[in-house]
Amino acid sequence: MNEQTTQLILDSLGPLLRATVTSTIPLTIISFVLGLVVALGVALMRLSKVRVVSGIARVYISVIRGTPLLLQLFIIFYGLPALGVQFDPFPAAVIAFTLNVGGYAAEVIRSAILSVPKGQWEAASTVGMGYATTLRRVVLPQAARTAIPPLSNTLISLVKDTSLASTIQVTELLRVAQEAAAPTYQFFALYGVAAVYYWVVCLALSFGQSRLERRQNRYVAA
Amino acid sequence: MSQLSMSPTPAGDSLVSVSGLAKSFGDHTVLRSIDFEVASGSVTVLIGPSGSGKTTVLRSLNALDVADAGRVRIDDVEVDFAERPVTKKQVAALRAQSGMVFQAHHLFPHLTVLENLTAGPVLAQRRARDEAQTEARELLRLVGLGEKADAYPFQLSGGQQQRVGIARALAVRPKLMLFDEPTSALDPELVGEVLKVMKDLAAQGWTMVVVTHEIRFAQQVADQVLFLDGGVIVERGTPAEVLTSPRTERARQFLHRILDPLD
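Residues numbered from 1 in each chain as written. Chains lettered and ligands numbered in written order. Predicted model: local features only at pLDDT ≥ 70, side-chain atom pairs only at ≥ 80, totals over all residues.

## A word on the overall build of chain B
Here comes step 1: Across its full length, chain B carries nine helices and 10 strands.
Here comes step 2: Projected onto the principal axes, the alpha-carbon positions of chain B cover approximately 55 × 45 × 35 Å.
Here comes step 3: Out of the 263 residues in chain B, the part that is buried amounts to 49%.
Here comes step 4: Counting only contacts in chain B whose residues sit at least 6 apart along the sequence, the fraction spanning at least 24 positions is 65%. (Helix = DSSP H or I, 4+ residues; strand = E, 2+ residues; numbered from the N terminus. Buried ≥ 20, exposed ≤ 12 C-beta atoms within 10 Å, placed from the backbone. Contact = placed C-beta atoms within 7 Å.)

## Quick notes on the domain arrangement of chain B
Residues and elements named next belong to chain B.
Here comes step 1: Segmentation of chain B into domains returns domain 1 (3-97 + 175-259) and domain 2 (109-173).
Here comes step 2: Relative placement of domain 1 and domain 2: their C-alpha centres are 24 Å apart.
Here comes step 3: Contact residues are listed per partner, giving nine residues for domain 1 and nine residues for domain 2.
Here comes step 4: A per-element tally of the side of domain 1 that touches domain 2 places helix 6 (residues 188-203) first, with four residues.
Here comes step 5: Along the lines of polarity and charge, the residues of the side of domain 1 that touches domain 2 split into seven nonpolar, no polar and two charged. (Domains from an automatic or database assignment. Nonpolar A, V, L, I, M, F, W, Y, C, P; charged D, E, K, R; others polar.)

## Digging into helix 4 (residues 89-114) of chain A
Residues that lie three or four places apart on an α-helix share one face, since the helix turns once every 3.6 residues.
Residue and element names in this part refer to chain A.
Here comes step 1: Its 26 residues give helix 4 an end-to-end C-alpha distance of 37 Å, which sits within 8% of 38 Å, the value for a rise of 1.5 Å per residue.
Here comes step 2: Alanine 105 marks where helix 4 bends most, by close to 30 degrees.
Here comes step 3: Of all the 26 residues making up helix 4, 19 are buried; the element is thus mostly covered by neighbouring parts of the structure. (Expected span 1.5 Å × (residues − 1). Bend = angle between axes of the 7 residues up to and from the residue.)

## Thoughts on the interface of chain A and chain B
Accessible area lost upon the coming together of the parts serves often as the stated size of an interface.
Here comes step 1: Taken together, the contact pairs 17 residues of chain A with 21 residues of chain B.
Here comes step 2: Counting only elements with at least two residues in the side of chain A that touches chain B, the list comes to helix 5 (118-126) and helix 6 (131-161) of chain A.
Here comes step 3: Broken down by element, the residue count for the side of chain A that touches chain B peaks at six residues, all from helix 5 of chain A.
Here comes step 4: Classifying every residue of the side of chain A that touches chain B by side-chain character gives eight nonpolar, seven polar and two charged.

## A word on unusual backbone geometry
All names here are of chain B.
Here comes step 1: A cis amide bond links arginine 84 to the next residue, proline 85, at an omega of -10 degrees.
Here comes step 2: Mapping proline 85 onto the fold places it in the loop between strand 5 (77-80) and helix 2 (88-95).
Here comes step 3: Its identity is not glycine, yet histidine 106 carries a phi of approximately 50 degrees, on the positive side.
Here comes step 4: Classification of histidine 106 by C-beta neighbours within 10 Å gives buried; the count is 22.
Here comes step 5: One non-glycine residue, arginine 173, lies in positive phi territory at about 55 degrees.
Here comes step 6: Note that arginine 173 resides in the loop between helix 5 (158-171) and strand 7 (176-180).
Here comes step 7: Among the residues examined, arginine 173 registers 16 C-beta atoms within 10 Å and is labelled partly exposed.

## Some words on the sheet that holds strand 7 of chain B
All names here are of chain B.
Here comes step 1: One open sheet holds the six strands; their spatial order is 6-7-8-3-9-10, and the pairing between them is mixed. Two strands lie at the open edges of the sheet, namely strand 6 (98-101) and strand 10 (232-237), each paired on one side alone. Averaged over neighbouring strand pairs, the angle between their axes works out to 20 degrees when direction is ignored.
Here comes step 2: Judged from the four bridges that link them, strand 3 (residues 43-47) and strand 8 (residues 208-211) form a sheet pairing that is parallel. Looking at strand 8, one finds that valine 43 is bridged to methionine 208.
Here comes step 3: Against the sheet, helix 1 (residues 54-61) makes contact with strand 3, strand 6, strand 7, strand 8 and strand 9 (224-229), and its axis sits at roughly 150 degrees relative to strand 8, the strand it touches most. (Pairing = 2+ DSSP bridges. Axes fitted to C-alpha atoms, helices over the stretch in contact; angles between N-to-C directions.)

Okay, structure coming up:
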């Protein structure tokens, strides 16, 4: 590696880190948290005995899982202005990723809720709890144990999927790497640095997942 | 605080009355027409072959199974199941009258023993946490598990889990205790400790309805025994009448089978 390349890499470390911290990570966290809220709502709708309600949830999940994320991003950023709805790049990306996580995580949450034995609902009800209290205090805490590994997958995928936001002008990690590489043709070096950054973020999340799983297992026989 | 003070209805008065209870699951009729009364402070034991409907009777008393027809009254709350729809509010009011002990205990695995007991009082009945905890500790002592307050359910034996289940049901201050085969899932050597607690409760004046195969428990503790078969009450009376000298062939055969399984 020549001196010029080394210097370029060193010069890029700061800007790429800044893009990671100010754009990639916030985009991931905001979208994931909002996405989980959407997912819980969709999962509960999907479990509803009212057919119209569960039908709406079913269609939503099907559309989200059946179309490319890149296309969802394009429809929200480039398509909606035709209907008079316009978003800045970052909010557009948050909306797209939120809806996407909402679709995928809904199925995870639904199956996790179903994995909690019916007896838990009955027992909660015999000590006087209603639907909302039972869900919040009895069912979701137990469902969380089942849901954490697959939801961690969703989160880790999301970290990398945020790179798609580079196509709608969000100056996140990949975009900054692209912009730095273009004038110098040092694609290998700069994309390499970007890859390492993505990897480190995902490593940290995997570590967090293990800790969370250990905490969740405190009430289960080894 | 004495446990007796929790049962407000004077002993002897009718606390529970059930009339015309009927229930089908699809094409399968489980209960045809069930009528019985439970006096306050008395123990009623339901026995019968599997599929006889005894568990469905019990689960109709707190509307975990919603009957198709008939009335259930517990103290001052009455639900007529023929009137459709039976509202959530009615179900909740009826369910709040009783405490339920399940065959598979259904303790909340993510909560400690103490939290299992205070969940109902604090989260549902909105009682003060301190007071609920004090009462919960007292109930744990009553079932002989005073030192297990901070354990998680998985750390207990089956018999201990079931005793926590009993304490959890008592913690919501019910007027009536329902037991659905509380010892059927236990290893034989653990059955006694659970029956002992139930016997103590009966002695303290709790009104109890118990579905069980423990004939000796019924003989010693029951005031009234109901023998169900095919969704109807075939025999009813004192333990001596139903268990010692049954009048019907069906009851005789059933008792013979469970008392002498090898015969």
